[in-house]
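The chain contents come next:
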Amino acid sequence: EAQVTQNPRYLITVTGKKLTVTCSQNMNHEYMSWYRQDPGLGLRQIYYSMNVEVTDKGDVPEGYKVSRKEKRNFPLILESPSPNQTSLYFCASSVGTGSNQPQHFGDGTRLSIL
Amino acid sequence: QKEVEQNSGPLSVPEGAIASLNCTYSDRGSQSFFWYRQYSGKSPELIMFIYSNGDKEDGRFTAQLNKASQYVSLLIRDSQPSDSATYLCAVGSGTYKYIFGTGTRLKVLA
């Protein structure tokens, strides 16, 4: 089954404790992206990757890091999480290397930073 | 800041009616437009995408694009209670970015 898999689905943690949210897709997609979704603000793009080893900032990259060492994986790293990063996070992937294709979304990760 | 705007709703329509959802965007250079449906607590799922001016139909759904007016809409015919969800408009901005609207909540009344 074609899918984007995120882990964990839920996480409660404390300020400053480094965490990683994993994302993996099995569709051989070139493009992958991370979003956060907050009430009243919609989905905002954090980082995206057009190909292996190629990443760039979206609209809200502060406080986040990403890497793309393999085509299928695109982890989101919070080096020193803060309460304002409490949010619902989605990973997405799409065929092609640009923003002209529909995206497939993972099931989401709900992060609470205390 | 490039933007995509949607009325937050809720838009309430009776079962069997046509629901009309609208979206405007600020980046005149945008070339790709997407509609996603998101049920509460779930991930967005693609409904339709459109690249060219005019209408594109898929079953009960029709996407309409007017690039001159920077306007894209989604029509849902014969609305069903199961269509009740938040509908997200997304625009491909530049070569690599996507910008989403905040979504319109649709309620289909049985």
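Values in this document were obtained by computation on a predicted structure and should not be read as measured data. (Residues numbered from 1 in each chain as written. Chains lettered and ligands numbered in written order. Predicted model: local features only at pLDDT ≥ 70, side-chain atom pairs only at ≥ 80, totals over all residues. Heavy atoms only, no water.)

### Regarding the overall build of chain B
When you go through chain B residue by residue, the secondary structure sums to zero helices and eleven strands. The order of helices and strands in chain B, counted from the N terminus, is β-β-β-β-β-β-β-β-β-β-β. Taken over C-alpha atoms, the radius of gyration comes to 13 Å for chain B, in line with the 13 Å a tight globule of 110 residues would show. Dimensions of chain B along its principal axes, counting C-alpha atoms only, are 40 × 30 × 20 Å. Classification of the 110 residues of chain B by burial places 45% in the buried group. Considering only contacts in chain B between residues 6 or more positions apart, those separated by 24 or more positions represent 53%. Surface accessibility of chain B: about 5200 Å² in total, with carbon and sulfur atoms responsible for 47%. Where the 11 positive side-chain charges of chain B centre and where its 10 negative ones centre are 5 Å apart. (Helix = DSSP H or I, 4+ residues; strand = E, 2+ residues; numbered from the N terminus. Rg over C-alpha atoms; globule rule 2.2 N^0.38 Å. Buried < 20%, exposed > 50% of the residue type's maximum accessible area, 1.4 Å probe, protein only. Contact = heavy atoms within 4.5 Å. Areas by Shrake-Rupley, 256 points an atom, 1.4 Å probe, with all protein chains shown as cover. Lys, Arg positive; Asp, Glu negative; His and termini not counted. Charge placed at Lys NZ, Arg CZ, Asp CG, Glu CD.)

### Here's the deal with the interface of chain A and chain B
Facing the 25 residues of chain A at the interface are 23 residues of chain B. Each partner contributes to the roughly 1800 Å² buried at the junction of chain A and chain B, and carbon and sulfur atoms together form 53% of this total. The largest contributions to the chain A side of the interface with chain B come from L43(A), S99(A) and P102(A), which together make up 29% of the buried area. On the surface where chain A and chain B come into contact, there are one salt bridge. Between K97(B) and D59(A) there is a salt bridge, with the nearest N and O atoms lying 3.5 Å from each other. Counting only elements with at least two residues in the side of chain A that touches chain B, the list comes to β4 (31-38), β5 (42-51) and β9 (87-94) of chain A. Take the side of chain A that touches chain B: its biggest share by element is five residues, from β5(A). Split by residue class, the side of chain A that touches chain B holds nine nonpolar, 13 polar and three charged. (Buried area = accessible area lost by both parts, 1.4 Å probe. Salt bridge = Lys/Arg side-chain N within 4 Å of Asp/Glu carboxyl O. Nonpolar A, V, L, I, M, F, W, Y, C, P; charged D, E, K, R; others polar.)

### A few points about the state of the cysteines
Tallied over the entire structure, the rule returns two disulfides over all chains. Note on cysteine connectivity: C23(A) is disulfide-linked to C91(A), with sulfurs 1.9 Å apart. Around the S-S axis, the bridge from C23(A) to C91(A) shows a dihedral of about -75° and counts as left-handed. Pair noted here: C23(A) is in strand β3 (residues 19-25) and C91(A) is in strand β9, with a separation of 68 residues, a long-range link. Residue C91(A) is classed as buried on the basis of its relative accessible area of 0%. Disulfide partner of C23(B): C89(B), at an S-S distance of 2.1 Å. Between C23(B) and C89(B), the S-S torsion sits near -70°, and that sign places the bridge as left-handed. Separated by 66 residues along the polypeptide, C23(B) in strand β3 (residues 19-25) and C89(B) in strand β9 (residues 85-93) bring together distant segments of the chain. No difference in accessibility class separates C23(B) from C89(B), as the two residues are buried. (Disulfide = S-S within 2.5 Å.)

Interpretation in functional terms is not warranted from these geometric data alone.
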